[in-house]
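Letter by letter, the chains look like this.
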Amino acid sequence: AYPVIESTPEDAVTRAAELADTDFDFIFFDLPGTINNGGVVRTLARMDYIFSPISADRVVMESTLRFVVVLNDTLITTGKSKIQGMHLLWNMVDGREKTDLYDRYEKVAGELGLNVMRTFLPDSKRFRRESAEDGERSVFRSTAMPPDRSLIRGSNIERLANEMLELINA
């Protein structure tokens, strides 16, 4: 459906430039969430938008908040980057456990000047599915193939794509 190009963080922008002559509206980068790598920081500084996944795990949340606060303070508010927006995305949300913990984390994010997206991605075994046991085509996790229509319902993938488009086109 689209090319997936492997690269180091240092070479990601250069490798993406190879797609410049193609007819793509968007290029997504999947980078490690670390600020301790100069290549990651330089690449992030060249992004237009950053969508950072978060989960309601204290260790993960604290690490992610440190990461995005440093990005915000060193790249965005200083004008040393192309970044036009940075948004946090709830990932692996267990619907049975979506409690006031999420509200508290969102309040902290808001106090830090960070935006949390409305759409969340539920915690679901289907995201880990490579294919059905019976051999039917029901790939969901693949980045090279679109998700099977039968697995999309309840995944929030379409809502996420629409919210991303709203944020980018705002």
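Here, every reference points to the structure presented above.
Residues numbered from 1 in each chain as written. Predicted model: local features only at pLDDT ≥ 70, side-chain atom pairs only at ≥ 80, totals over all residues. Heavy atoms only, no water.

**Here's the deal with the overall build of the protein**
Basically, it comes down to this: Here a strand is any run of E in DSSP of at least two residues, a helix any run of H or I of at least four, and the numbering for each starts at the N terminus. For the exposure calls, accessible area comes from a 1.4 Å probe over protein chains only, and a residue counts as buried if that area is under 20% of its type's maximum, exposed if over 50%, partly exposed in between. A contact between two residues is defined here by any heavy atoms of the two lying within 4.5 Å. Accessible surface area values rest on a Shrake-Rupley calculation with a 1.4 Å probe, where residue burial reflects the displayed protein chains alone.
For the protein, the count of helices and strands is six helices and three strands. Overall, the protein shows an N-to-C arrangement of helices and strands of α-α-β-α-β-α-β-α-α. A buried classification covers 32% of the 170 residues belonging to the protein. Here the analysis covers contacts within the protein between residues at least 6 apart in sequence; of these, 63% occur between residues at least 24 apart. Surface accessibility of the protein: about 11,100 Å² in total, with carbon and sulfur atoms responsible for 50%.

**Description of the side chain of T119**
The condition that has to hold: Any N or O atom pair separated by 3.5 Å or less is treated as a polar contact, with the protein-specific requirement of one donor-capable and one acceptor-capable atom, and with residues adjacent in sequence counted only for side-chain atom pairs.
Looking at the secondary structure, you find T119 in strand β3 (residues 115–122). On the accessibility criterion, T119 (4% relative accessible area) is buried. Side chain to side chain, T119 and E163 meet in a polar contact 2.6 Å long. In this view, T119 contacts L89, W90, N156, R159, L160 and E163; residues no more than four positions away in its chain are not counted.

**A word on the packing of aromatic side chains**
Condition: What counts as a ring pair is set by centres within 6.5 Å for rings of Phe, Tyr and Trp (its six-membered ring), and what kind of pair is set by the plane angle: stacked under 30 degrees, edge-to-face over 60, tilted for all other angles.
Overall, the coordinates contain two aromatic pairs when judged by the stated rule. For the pair W90 and Y102, a centre-to-centre distance of 4.6 Å together with 70° between the ring planes defines the contact as edge-to-face. Of this pair, W90 sits in strand β2 (residues 85–93) while Y102 is found in helix α4 (residues 100–111), placing the two residues twelve residues apart along the sequence. Take W90: its relative accessible area is 2%, and that puts it in the buried class.

**A closer look at a nonpolar patch on the surface**
Cut-off, in case you're wondering: Like charges within 9 Å and nonpolar side chains (Val, Leu, Ile, Met, Phe, Trp, Tyr) within 5 Å are joined into patches, using only residues over 30% in relative accessible area that form no salt bridge. Here, a salt bridge means any side-chain nitrogen of Lys or Arg that lies within 4 Å of a carboxyl oxygen of Asp or Glu.
Taken together, the side chains of Y2, V4, F24 and I27 present a nonpolar region at the surface, about 370 Å² in accessible area. Within the element layout of this structure, I27 appears in the loop between α1 (12–17) and α2 (38–45).

**Re helix α6 (residues 157–169)**
Because each turn of an α-helix spans 3.6 residues, side chains separated by three or four positions in sequence point in the same direction. Here is the rule: To estimate the expected span of a helix, count its residues, drop one, and scale the result by 1.5 Å.
Its 13 residues give α6 an end-to-end C-alpha distance of 18 Å, which sits within 8% of 18 Å, the value for a rise of 1.5 Å per residue. Tucked inside the fold, the buried residues of α6 contact β1 (49–54), β2 and β3.

**Details of the side chain of H87**
Within the secondary structure, H87 sits in strand β2. On the basis of relative accessibility, which here comes to 9%, the residue H87 falls in the buried class. Those residues within four positions of H87 in sequence are excluded, and the remaining contacts are I50, F51, S52, N115, M117 and L167.

**Some details on unusual backbone geometry**
Phi angles above zero are rare outside glycine, and M92 is one such case at about 60°. With respect to the element layout, M92 can be found in strand β2.

**Some words on the sheet that holds β1**
Strand pairs in the sheet, formed through backbone hydrogen bonds, run parallel or antiparallel to each other. Filter applied, for reference: A pair of strands is considered paired only if DSSP assigns at least 2 bridges between the two. Fitted lines through C-alpha atoms serve as axes, helices being fitted only where they are in contact, and the angles separating the N-to-C directions of these axes extend from 0 to 180 degrees.
Spatially, three strands are ordered β1-β2-β3 in an open sheet, and the strand pairing comes out parallel. Taken across any chain shown, the strands that pair with only one partner, and hence form the sheet edges, are β1 and β3. Strand-to-strand twist across the sheet, computed as the mean angle between neighbouring axes with direction ignored, equals 25°. Each of β2 and β3 is contacted by α4, which is oriented at about 165° to β2, the strand it contacts most. α6 contacts β1, β2 and β3 of the sheet and is inclined by roughly 160° relative to β3.

Bear in mind that shape data such as this cannot, by itself, settle questions of function.
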